[in-house]
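A structural walkthrough
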Amino acid sequence: MNLQEFFAENPRVAIAFSGGVDSSYLLYAALHYGARARAYYVNSAFQPAFELEDARRLAGELNADMKVLPVDVLASETVTANPPDRCYHCKQMIFRTILAAAEADGFTVLLDGTNASDDAGDRPGMRALRELSVRSPLRECGLTKRDVRMLSRDAGLFTWDKPAYACLATRIPTGQPITARDLAVTEAAESDLFSLGFTDFRVRLVGRSAKIQLPAAQMPGLLEHRQEILQRLGPDYDGVWLDLEGRG
């Protein structure tokens, strides 16, 4: 099956839309192949502000129908306890919210952007999607992450080379309770590094210190900005570390 065939069989769909590479291409493909699609963006404390900005920009460029759904993920004690299967409970909360909104709008098929490169396995988040009968057309059609990027580039989507971005909760060690303050501090720290030109990095919380992980090629630039980074991040952390192993 290819995407054209998928949307011929499913001409009316709701899409869990994050503004990332995969869900952006999925939204584009749905509209390109004539489906009636509505994008649902869940706005929570786990998503940084730039993700919503990117989602709105992409939806605007595609002239797509998009609805923003606020979800208070911190209201769930199970989620904030940050157990090993936190992602399962969070996705249950998020996708149930989308399903309820989509059904109220007359959509009975919900899609997400999981692609064929994603390890379905028994990952907690994937288990939640299966239990809620969420369809993943990119995966079903055998499209890998590289395929999606190349197709997005050919389609002229600005998201084609956007770095992967896991939610802010992943910066907090499993078992350490998630607080609004820690999420806000993490978002601010990563925003500071973005503003200095760094990409594809993470600022992880270790105790009350920040551990910066970024590609090895960017380490010299980080050291050049050492004093500025310490000035920006220092007030919110007990220490600022650089992970010398690097990312990817």
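Residues numbered from 1 in each chain as written. Predicted model: local features only at pLDDT ≥ 70, side-chain atom pairs only at ≥ 80, totals over all residues. Heavy atoms only, no water.

Going by an unreviewed UniProt entry, the chain carries the name ATP-dependent sacrificial sulfur transferase LarE and comes from Brotocaccenecus cirricatena.

1. Comments concerning the packing of helix H5 (residues 86-104) against helix H6 (residues 124-131)
Each pair of packed helices gets described by two things: the angle between the helix axes and the distance between those axes. Look at H5 against H6: their axes get within 7 Å of each other, and the N-to-C directions meet at 35°. Of the two elements, H5 crosses H6, and the hand of that crossing is right-handed. Two secondary-structure elements touch here, H5 through Cys87, Tyr88, Lys91, Gln92 and Phe95 and H6 through Pro124, Gly125, Arg127, Ala128, Leu129 and Glu131. Looking at side-chain class alone, the contact of H5 with H6 contains 6 nonpolar, 2 polar and 3 charged residues. (Axes fitted to C-alpha atoms, helices over the stretch in contact; angles between N-to-C directions. Helix = DSSP H or I, 4+ residues; strand = E, 2+ residues; numbered from the N terminus. Left-handed = near helix turned anticlockwise from the far one by under 90°. Contact = heavy atoms within 4.5 Å. Nonpolar A, V, L, I, M, F, W, Y, C, P; charged D, E, K, R; others polar.)

2. Topic: the packing of aromatic side chains
In the structure shown here, the tally under the stated rule is 5 aromatic pairs. On the numbers, 5.6 Å between centres and 35° between planes, the contact of Tyr25 with Tyr28 is tilted. A residue pair is termed a helical-turn pair when its members lie 3 or 4 positions apart in one helix, as Tyr25 and Tyr28 do in helix H2 (residues 21-32) at 3 residues. Tyr28 shares its class with Tyr25; the two are buried. Here the aromatic rings of Phe50 and Phe194 are separated by 5.5 Å at their centres, their planes lie at 70°, and the arrangement is edge-to-face. Of this pair, Phe50 sits in helix H3 (residues 49-62) while Phe194 sits in helix H9 (residues 180-195); the two residues are 144 residues apart in sequence, bridging distant segments of the chain. According to the relative accessible area criterion, Phe50 is partly exposed, its value standing at 24%. Taking NZ or CZ as reference, Arg57 lies 3.7 Å from the ring centre of Phe158, over its face. (Phe/Tyr/Trp six-rings, centres within 6.5 Å; stacked < 30°, edge-to-face > 60°. Buried < 20%, exposed > 50% of the residue type's maximum accessible area, 1.4 Å probe, protein only. Lys NZ or Arg CZ within 6 Å of the ring centre and 35° of its normal.)

3. Remarks on H2
Relative to the 16 Å expected for 12 residues at 1.5 Å per residue, H2 spans 16 Å between its end C-alpha atoms, a close match to the ideal helical length. Restricting attention to buried positions, one finds in H2 the residues Val21, Asp22, Ser23, Ser24, Tyr25, Leu26, Leu27, Tyr28, Ala29 and Ala30. Positive phi appears at Gly34, one or two residues downstream of H2, with a value of about 85°. (Expected span 1.5 Å × (residues − 1).)

4. Looking at the side chain of Asp243
Tracing the sequence through the fold places Asp243 in the segment after strand S7 (240-242). For the buried Asp243, which has no salt bridge, the nearest side chain bearing the opposite charge is Lys211, at an N-O separation of 4.2 Å. A distance of 3.0 Å separates polar atoms of two side chains, one belonging to Asp243 and the other to Gln213. With near-sequence residues (within four places) excluded, Asp243 lies in contact with Lys211, Ile212, Gln213 and Met219. (Lys, Arg positive; Asp, Glu negative; His and termini not counted. Salt bridge = Lys/Arg side-chain N within 4 Å of Asp/Glu carboxyl O. Polar contact = N/O pair within 3.5 Å; in protein donor to acceptor, adjacent residues only side chain to side chain.)

5. Description of the UniProt feature "active site" (unreviewed entry) in the chain
Under the local residue numbering, the UniProt record ascribes the feature "active site" (unreviewed entry) to Cys167. Turning to its location among the elements, Cys167 is positioned in the loop between helix H8 (145-155) and H9. Excluding anything up to four places from it in sequence, Cys167 contacts Phe46, Gln47 and Arg86. (UniProt positions renumbered as here; feature names shortened; annotations may be inferred.)

6. Describing the side chain of Asn82
You can see Asn82 is positioned in the loop between helix H4 (77-80) and H5. Other than its neighbours up to four places away in sequence, Asn82 contacts Ile172, Pro173, Thr174, Gly175, Gln176 and Ile178.

7. Side note on the sheet that holds strand S4 (residues 110-111)
Adjacent strands of a sheet form backbone hydrogen bonds with each other and so pair up, either parallel or antiparallel. Taken together, 4 strands build an open sheet; the order of strands is S3-S2-S1-S4 and the sheet is parallel. For this open sheet the edge positions go to strand S3 (65-70) and S4, each flanked by a neighbour on one side alone. Across 2 bridges, the pairing between strand S1 (residues 12-16) and S4 is parallel. Bridge pairing in S4 links Ile15 to Leu111. (Pairing = 2+ DSSP bridges.)

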